[in-house]
Amino acid sequence: MKYILSIILLLASLGIVRADDLSIGYCDGDVVDASLSQTSASAVAIKLNADAFSMYCHSKITGARIGLTSDAPGGIVVFVRSSLDGRNLYEMKTGALFKGWNDISFTTPVDYPQGDIVVGTTSSGYVGISGDAWTNGCWVLNGGKWTDMSASEGQSLCLQALIDGDSYHTVDAALLSLSSATVSKGKAFSLSGKLRNNTSQDATTAKIAYRIGDKEATCDVSLDDILPGEIGSFTLPVEAPDTIGNYTLEATLQSINGQDDEFAANNTATTSIKVLGEVVPKKVLIEEFTTQGCSNCPAGQTRIAEGVKGLDNYVLVAHHYGAGTDIFTASGSSVLQRFYNSSTTFAPAMMIDRTNMTELGVSTSGPVLNVLESDQIRKLVNHFASSTASVSVGIKRDYDEASRQLKIQAGSHVVEGSVITGTPALHVLLIEDGVIAEQSPDLANYQHNHICRRFVTPVNGEPITFVGGAEIEKTYTVTLPADWDASNMHIVAFVSNYDLNDCNNCQVYNVEQVDLVGHDAIETGIATTQTNAVGVPTAIYDVQGSLRNHLSRGINIVRYSNGEVRKVMAR
């Protein structure tokens, strides 16, 4: 929290808090974000355990800092103990307190002991939470039993101990955490981290060394003026190893504000780094089920539009199927009924990456579900897009306006370092926006968007075989009907798992979309899959001769379309 100088001087003149006090705790100290869910608790507290806070030993605890979610005109009871169930080292009833942060000055300072310190209050209903969830940051007393609720609450209590700055002189910072990452080999990237400033001055710079694989470096890191005792963020620049694999990065804090760190026990943090040949962004496929005769479908479309507003990590396709059919229903759409996993269909409905959402809290028998509220849609889209993609999808097109002939070349390859199990399938389809037509209820000039006009590949996709990191390319030729507006159309290509026996095992690996109108250089003569000069892989066997659906770790026997057979090593 950034103190305003005039406020500090005013509080100091009133004897409420010393200007040189340090506040130590687990919350961010800035704002009171939310109320504690455990409103029936008889007490709440934070525990400053000895192994993490022993640098404060022999200093003076001069008070407490508490963030409230509402006014407490009758005051609250604050206590300091050496253990959760121990006797009070200090207890006081405050005067009137107000919503937000309150600094409480003890009448008699408390000596900071060698062991743990517990700071709490029996007036639990007023205390808020903020920042990140840290172990020991949210202890709750219910039914005579203390429980650390930091993980379930998702944040830490707005409780801090105030330390007399004149009694504390250690130069220390604690390296608390580092983010994990998936990165490209040999490329520079950045990690975010959390640091607690245990000095008696604002922390503005730090020196941090890291080691990952054969890469080592020491970096000067800028800090955003982290106040004494507070937790703040930093960004650590890192260079990835040159070899794909899973690594552990170890970082060590060496100095703070140009001074050597005096307390080594809390200077090291580790995190996991996955190094791939390339990092491919993951886009999410949203499929909407709608028809012109569906009176609730406009509302469903609005919820989807609101859910993805401002996002660029998705592709949206509208299938005119579910509540019957209409003039926009693409041939073959009835095949999609399998994703309802039911003998009946409905609309408005939706699928996200053709994945059953039961494990994510939305219970359904198949991937198709009722259109969710916009905030749920947004959370799910961001969830599926949060990781890097295991396959890359690319689209080239060459559209001739005179003949209305469209040539499409869709390509995909497995990202180096990723593994695809099952049987992947390539899907290509055409969609159109901005079509004005009737829509129930009583909408004569409704704008229909993302209409699936044609499945270029079979509706269930065209099975493909990835061999190592080789590019799979398929070329298709389509002639557009005269009543389709090519300028409002797009080509969608995606790769999913191919399983005709289980609709819940057809998850989408990645999806891409491009404008239909355009002229990319497409190699002539490619009518089927092309991977390399030796031909198309047609079958994969293990060394015992058993047929496989995909490459497995070790030696694979691959037969190509030109009759050649090769041994392929997969790692």
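All chains use their own residue numbering, which begins from 1 and follows the written sequence. Restriction of local features to residues with pLDDT of at least 70 applies here, the model being predicted, together with a cutoff of 80 or more for giving and counting side-chain atom pairs; totals for whole chains, interfaces and linings are based on all residues. Side-chain figures throughout are based on the complete set of non-hydrogen atoms in the structure, without hydrogens or water.

Considering helix 5 (residues 374-385)
Okay, so step 1: If you check helix 5, its first and last C-alpha atoms are 16 Å apart, about what 12 residues at 1.5 Å a residue would give, namely 16 Å.
Okay, so step 2: Taken together, the buried positions of helix 5 are Ile-377, Leu-380, Val-381, Phe-384 and Ala-385. The arc that holds the buried residues of helix 5, viewed along the axis, is 130°, so those residues lie on one side.
Okay, so step 3: Residue contacts are defined here by distance: any two heavy atoms, one from each residue, within 4.5 Å place the two residues in contact. Each helix corresponds to a stretch of at least 4 residues labelled H or I by DSSP, and each strand to a stretch of at least 2 residues labelled E; elements are numbered beginning at the N terminus. Taken together, the buried residues of helix 5 touch strand 23 (284-289), helix 4 (297-308), strand 24 (314-319) and strand 25 (349-352). An expected span of 1.5 Å times one less than the residue number is assigned to each helix. The classification of residues rests on relative accessible area computed with a 1.4 Å probe and restricted to protein chains. Under 20% of the type maximum is buried, over 50% is exposed, and intermediate values are partly exposed. The directions considered for the arc are those from the helix axis to the C-beta atoms.

Let's talk about the sheet that holds strand 5 (residues 77-81)
Okay, so step 1: One open sheet holds the 6 strands; their spatial order is 6-5-8-3-10-11, and the pairing between them is antiparallel. Bordering the open sheet on either side are strand 6 (88-93) and strand 11 (145-148), each of which pairs with just one other strand. Each strand of the sheet is rotated relative to its neighbour by a mean of 20°, with strand direction disregarded.
Okay, so step 2: Relative to strand 6, strand 5 is paired through 5 bridges, and the arrangement is antiparallel. By the bridge assignment for strand 6, Arg-81 is matched with Asn-88. In this scheme, strands are said to pair when DSSP sees at least two bridges between them. In this analysis an axis means a line fitted to C-alpha atoms, helices contributing only their contacting stretch, and an angle means the value between N-to-C directions, from 0 to 180 degrees.

Re the confidence of the model for the protein
Okay, so step 1: With 88% of its residues at a pLDDT of 70 or more, the protein has an overall mean of 89.
Okay, so step 2: Values of pLDDT, ranging from 0 to 100, describe the predictor's confidence in every residue of the model. pLDDT under 50 marks residues 1-19. Its contacts with residues more than four places away, or in other chains, come to 28 contacts.
Okay, so step 3: pLDDT under 50 marks residues 525-536. Its contacts with residues more than four places away, or in other chains, come to 29 contacts.

Here we look at the sheet that holds strand 2 (residues 34-35)
Within a sheet, neighbouring strands are paired by backbone hydrogen bonds and run either parallel or antiparallel to one another.
Okay, so step 1: Taken in spatial order, the 3 strands make up an open sheet running 2-9-12, and their pairing is antiparallel. Either end of the sheet is taken by a strand with one partner, and the two such strands are strand 2 and strand 12 (156-157).
Okay, so step 2: Bridge count for strand 9 (residues 128-130) against strand 12 is 2 bridges, and the pairing is antiparallel. In the strand pairing of strand 12, Ser-130 is matched with Ser-156.

Focus on the pattern of salt bridges
Okay, so step 1: Each reported salt bridge corresponds to a side-chain nitrogen of Lys or Arg within 4 Å of a carboxyl oxygen of Asp or Glu. Counted by the stated rule, this structure contains 14 salt bridges.
Okay, so step 2: Measuring nitrogen to oxygen at the nearest pair gives 3.1 Å for the salt bridge that ties Glu-250 to Arg-211. With Glu-250 in strand 20 (residues 245-256) and Arg-211 in strand 17 (residues 203-212), this pair connects stretches of sequence that are 39 residues apart.
Okay, so step 3: The class for Glu-250 is partly exposed, based on a relative accessible area of 27%.

Description of the state of the cysteines
Okay, so step 1: By definition, disulfides here are pairs of cysteine sulfur atoms that lie within 2.5 Å. With the rule as written, the count across this model stands at 1 disulfide.
Okay, so step 2: For Cys-294, the disulfide goes to Cys-297, at an S-S distance of 2.2 Å. Handedness here is read from the sign of the S-S torsion; for Cys-294 and Cys-297, about 90°, the answer is right-handed. Cys-297 carries the same exposure label as Cys-294, and that label is buried.
Okay, so step 3: Lacking any disulfide linkage, Cys-158 is separated from the closest cysteine sulfur, that of Cys-27, by 4.8 Å.
Okay, so step 4: On the basis of relative accessibility, which here comes to 0%, the residue Cys-158 falls in the buried class.

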